[in-house]
Amino acid sequence: MPLFQSLPGFREFPPEALARRNHIFRLWRQAALTFGFVEYDAPVVESLELYKAKSGEEIEQQLFSFTDKGGREVALRPEMTPTVCRMVGAKAGSLKRPIKWFSIAEFYRYERAQKGRERAFFQFNADLFGEAGVEADIELIALLVQCLTAFGLTERDFFVRLSDRDLWCYYLEALGLDEPRVRVLLTAIDKHEKLGDGAFQVFTDAFGPLDPALKGKVLAFLQIKSLEQLAATLAPVGGGKLMGRLADWRRLLDGLAAMGLARFVEVDLGVVRGLAYYTGFVFEAFDRQGELRAIAGGGRYNHLVAKLGGPDLPAVGFAIGDVTMGLLLEARGLIPALVQAADVYTVLGGEEERKAAFGDIQALRAAGYRVEYPLRPLAFGKQFKAALESGARLALIYGGDELARGVVKLRDLAGRSERDLPRDQVLAAVRDTLAGG
RNA sequence: GCGACCGUAGCUCAGUCGGUUAGAGCACCAGAUUGUGGAUCUGGGUGUCGCGGGUUCGAUCCCCGUCGGUCGCCCCA
C-alpha cells in the first residue's frame, strides 16, 4: 500500500491519461480559435468574497477555502465566470468589441466525488461580452456544438436543450405572479424534471397552494418542443415583452438553422439553471442516452459584470467539463490511440559506435526529430525489438562493420529494407525519408 | 454532510466453511541472445491481503472502527 495517496477527487495524469486530456484540450482550443476567440488565463486562488458576491454565502460550503498567511479569506477557484467578468470589466474600456475570450483551466469544488464529478476538474470556458443581440447567443451555441462535433460526436450522441429565463419571468408575470413568487416557482420548475409534482412543494411551502389553472399552464409550458408551439401559447397572452422575446427566439433558431445546427438544438423550457444571474437564453448539452450528467452549460448573464464592479456589459458564455466529456467520448469510442512514436531509433554496436553515433543523434534532435537509443549496451536483437516498440519508422545502425566502411545503415522498420549512408548524409537522408511519406 | 456496496500484486481477478511459506493471467524485469523484428523458452512476486483494534491457540477470511473507491442523495456555479 502506498504511503501517500492523492486526495479524494483529485486525479493523477500518467502519460497515457495526459495524452488523452491534451487531445481534448487541443480540439477545444482549435474550435475556439476558429471562432475568433482568444485565450486567457487567470489566478487559481481568488478572494473568497468574489464567489460570495456572485453566488451567496452558502457557496463557501462547496469551496476549497482557507485563510492565507496574510489573514486573507481566499478560495481555490470553483469556476471561471466571476474571474473573467472582473478581468473583462477592468479592461472593458480598452477592449475591442465584441470581446471573445476562452480558457482551459482547472477548478476545485469541495464536494463528494461521483460519476462525472470530481473535486478537481478542467473546464473549457468561452464568453462573449459586449453584444446584447441574439447573434452572440448564436455564436456561443455554435461554438459549443463545434467543441463536441470536433471529436466526431453527432446529433445522435448529444443535443443542446435551449431555454430562456427572461421568457419564463415575463410569462409568469403575465399570468399574474409577483417577483418573489416567480423566483420560487422557477426553482420548482428547475427541479420538476427530477421530482415531478413534488417540485412545487417549495412554492406551496412559501406561498400556499398553487392555483391548479396556473400549474396547468406551467406544465403546458414545460411541454413546448418547438417555436410554433411557443408562438401559439404566447399569442393569446400577448404583451410587448413576450412578443419581443418570441422574436428573439425566432432569430436565434433561424440563425442556428442557417448554420446547419438545428438538428443539435431542442426547445426545452425545463432547463432553468439554478443561477439567479442568468438573464436570457440558457442552454445545456446532454448525451442522447441520458446516462450522464450535463456535458456543458451556459447562458446569458447581462448584469454580472456590473454586479462585480465593472461596467454594465451584456455577456453570454458557457463551460464544458472534461470529466463528463471524457466519459462520453470513451462510451462512443471516440478517443483515438494517442501513441507517442519516435522518428528514429539508433542501434549501437558497442561503446565506440555509441560515441560515433552521438554526434548524429544530437544533430537529428536539434533538427526536431525524436531520436531514441539504448542507454545501456544491448544485444542487437533487443535493440531491434526496442526500435519497434519505440514506434520509430527508421532505425540508424551504427555497427563496427559500417563505421569501418565510413557508412551508417538506414533501415525502414516497416518496409524491412536497408541501405548504406555515407556518414555525412545521415541528417539529410532522414529528412528526405521522413518527409517522403 | 447522509446512505448503499466494495477494498488480495502495476491491471483483471481467484482463494481460505478461520489453519504451514497467499495464487493465476496479463504487464513488468533479467537471461537464452555481442549483427537484425513484436515470437518462444527459462528465471524473477514485484504483496503491510487498505489501515487500526477486537474475538480466537491461530484472522486475508468473523466483528467494530477508520481510510479509500464506486454509485446515489444534498448541491451542482
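Rules used throughout
Residues numbered from 1 in each chain as written. Chains lettered and ligands numbered in written order. Predicted model: local features only at pLDDT ≥ 70, side-chain atom pairs only at ≥ 80, totals over all residues. Heavy atoms only, no water. Patch = residues over 30% accessible without salt bridge, like charges linked within 9 Å, V, L, I, M, F, W, Y side chains within 5 Å. Areas by Shrake-Rupley, 256 points an atom, 1.4 Å probe, with all protein chains shown as cover. Salt bridge = Lys/Arg side-chain N within 4 Å of Asp/Glu carboxyl O. Helix = DSSP H or I, 4+ residues; strand = E, 2+ residues; numbered from the N terminus. Buried < 20%, exposed > 50% of the residue type's maximum accessible area, 1.4 Å probe, protein only. Domains from an automatic or database assignment. Pairing = 2+ DSSP bridges. Axes fitted to C-alpha atoms, helices over the stretch in contact; angles between N-to-C directions. Contact = heavy atoms within 4.5 Å. Phe/Tyr/Trp six-rings, centres within 6.5 Å; stacked < 30°, edge-to-face > 60°. Lys NZ or Arg CZ within 6 Å of the ring centre and 35° of its normal. Arc of directions from axis to C-beta. Core = buried A, V, L, I, M, F, W, Y, C linked by side-chain atoms within 4.5 Å.

1. Here we look at a nonpolar patch on the surface
So, point 1. Together, Val44, Val45 and Phe66 make up a nonpolar patch on the protein surface, roughly 220 Å² of accessible area in all.
So, point 2. Examined against the element boundaries, Val45 turns out to sit in strand 2 (residues 45–47).
So, point 3. Classification of Val45 by relative accessible area gives partly exposed; the value is 38%.

2. Observations concerning the domain arrangement of chain A
So, point 1. When the domains of chain A are assigned, the result is domain 1 (15–42 + 77–331) and domain 2 (344–435).
So, point 2. One C-alpha centre belongs to domain 1, the other to domain 2; they are set 55 Å apart.

3. Let's talk about the sheet that holds strand 3 (residues 65–67)
Within a sheet, adjacent strands bond to each other through the backbone by hydrogen bonds, running parallel or antiparallel.
So, point 1. Within the open sheet, the 3 strands sit side by side as 2-4-3. Their pairing is antiparallel. If you trace the sheet from one side to the other, it starts and ends with strand 2 and strand 3, each paired once. Neighbouring strand axes in the sheet, compared pairwise and without regard to direction, differ in orientation by 35° on average.
So, point 2. Relative to strand 4 (residues 73–76), strand 2 is paired through 3 bridges, and the arrangement is antiparallel. Bridge pairing in strand 4 links Val45 to Leu76.
So, point 3. The sheet contacts of helix 2 (residues 48–55) involve strand 2, strand 3 and strand 4, and relative to strand 2 the element is tilted by about 65°.

4. A look at the packing of aromatic side chains
So, point 1. For the structure shown, the criterion picks out 22 aromatic pairs.
So, point 2. Arranged with centres 6.1 Å apart and planes meeting at 75°, the rings of Phe13 and Phe122 form a pair that is edge-to-face. Of this pair, Phe13 sits in the segment before helix 1 (15–34) while Phe122 sits in strand 6 (residues 120–129), placing them 109 residues apart in sequence.
So, point 3. Given a relative accessible area of 24%, Phe13 falls into the partly exposed group.
So, point 4. Taking 5.2 Å as the distance between ring centres and 50° as the angle between the ring planes, the aromatic pair formed by Phe203 and Phe207 counts as tilted. Taken together, the residues Phe203 and Phe207, both in helix 7 (residues 201–207) and 4 residues apart, mark about one turn of the helix.
So, point 5. For Phe203, a relative accessible area of 3% translates into the label buried.
So, point 6. Sitting above the plane of the Phe281 ring, Arg245 keeps its charged end 4.5 Å from the centroid.

5. Considering helix 9 (residues 227–234)
Because each turn of an α-helix spans 3.6 residues, side chains separated by three or four positions in sequence point in the same direction.
So, point 1. Within helix 9 the residues assigned to the buried category are Leu227, Leu230, Ala231 and Leu234. End-on view of helix 9: buried residues confined to an arc of 95°, all on one side of the axis. Seen from the open side of helix 9, the exposed residues pointing more than 90 degrees away from its buried face are Glu228 and Ala232.
So, point 2. Among the structural elements, helix 5 (165–174), helix 8 (212–223), helix 10 (240–258) and strand 8 (265–267) are those in contact with the buried residues of helix 9.

6. Considering the nonpolar core
So, point 1. Grouped together as the largest cluster of nonpolar side chains are 77 residues, with contacts concentrated most on Trp28, Phe124, Trp168, Leu185, Leu230, Trp249 and Ile320.
So, point 2. Ranked by residues supplied to this core, first place goes to helix 4 (residues 134–149) with 11 residues.
So, point 3. Judged by nonpolar contacts, the second largest core, of 32 residues, contains Met80, Ala92, Leu95 and Val323.

7. Some words on helix 12 (residues 322–331)
So, point 1. In terms of burial, helix 12 is a largely internal element, 7 of the 10 residues being buried.
So, point 2. Taken together, the buried positions of helix 12 are occupied by Asp322, Val323, Thr324, Met325, Gly326, Leu328 and Leu329.
So, point 3. Two residues or fewer after helix 12 comes Gly333, characterised by a positive phi angle close to 65°.

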